[in-house]
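Fold and geometry: a report
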Amino acid sequence: MAKIEPTVVTPANTEQPVASGPTLVATTPASETAAPVTEPRKLDQLSRIEEKAARIEEKFARYEAVLTRAEASLERSAHKVDAAAGTMDFAAIRGEINALRNRVDATPRAGTLFMTAIVTAVLTVILTILVLKFGVPGLFGGLLAR
């Protein structure tokens, strides 16, 4: 940061506007001799104040940069955590849906159930007629007349 030095105006290099009438300028010898003595002190003090202000501004800028980087890092981490959590949830849901779909696909559909019921009924009737007609060898004979 560039320093700006104050300018000192002395009565010798100031231009006064030309007046149409007489003007009175009062100068005191004490103020002319005291001004050069106090001006360097004031300039030194002002210079020190400016240096301290510049150092404070630099520290503030460093802290601001550090906080900005920390905030950006925190936001990136939060986005990564959100993305990971969302991905894990979707993966778990997707796995559950696939397992449920496999179980549903493994169960017989209505057509298969009706066909199984019809085949079972027909076979039951045929086996019942055969048992009644011929009997079970070794247990009992046929119950129906031949």
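Check the entry above for the structure.
Residues numbered from 1 in each chain as written. Predicted model: local features only at pLDDT ≥ 70, side-chain atom pairs only at ≥ 80, totals over all residues. Heavy atoms only, no water.

Remarks on the overall build of the protein
When helices and strands are counted, the protein shows 2 helices and 0 strands. A total of 146 residues make up the protein; the buried ones form 1% of that total. Accessible surface, the protein: about 13,200 Å² in total, of which carbon and sulfur atoms supply 66%. (Helix = DSSP H or I, 4+ residues; strand = E, 2+ residues; numbered from the N terminus. Buried < 20%, exposed > 50% of the residue type's maximum accessible area, 1.4 Å probe, protein only. Areas by Shrake-Rupley, 256 points an atom, 1.4 Å probe, with all protein chains shown as cover.)

Things to note about the pattern of salt bridges
The final tally for this structure, using the stated rule, is 1 salt bridge. Residue aspartate 105 pairs with arginine 109 through a salt bridge whose shortest N-O separation is 3.4 Å. Judged by its relative accessible area of 44%, arginine 109 is partly exposed. (Salt bridge = Lys/Arg side-chain N within 4 Å of Asp/Glu carboxyl O.)

Comments concerning a nonpolar patch on the surface
Residues Ile118, Val122, Ile126, Leu127, Leu130 and Phe134 make up a contiguous nonpolar surface patch of roughly 570 Å² in combined accessible area. Tracing the backbone shows isoleucine 118 in helix α2 (residues 110–134). With relative accessibility at 52%, the residue isoleucine 118 sits in the exposed group. (Patch = residues over 30% accessible without salt bridge, like charges linked within 9 Å, V, L, I, M, F, W, Y side chains within 5 Å.)

Considerations on α2
In this model α2 runs 36 Å from its N-terminal to its C-terminal C-alpha over 25 residues, within 8% of the 36 Å that 1.5 Å per residue would give. Phi for glycine 135, located one or two positions after α2, is positive at around 80°. (Expected span 1.5 Å × (residues − 1).)

Considerations on a positive patch on the surface
A cluster of basic residues, Arg48, Lys52, Arg55, Lys59 and Arg62, forms a positive patch at the surface. Among the structural elements, arginine 62 can be located in helix α1 (residues 29–106). (Lys, Arg positive; Asp, Glu negative; His and termini not counted. Charge placed at Lys NZ, Arg CZ, Asp CG, Glu CD.)

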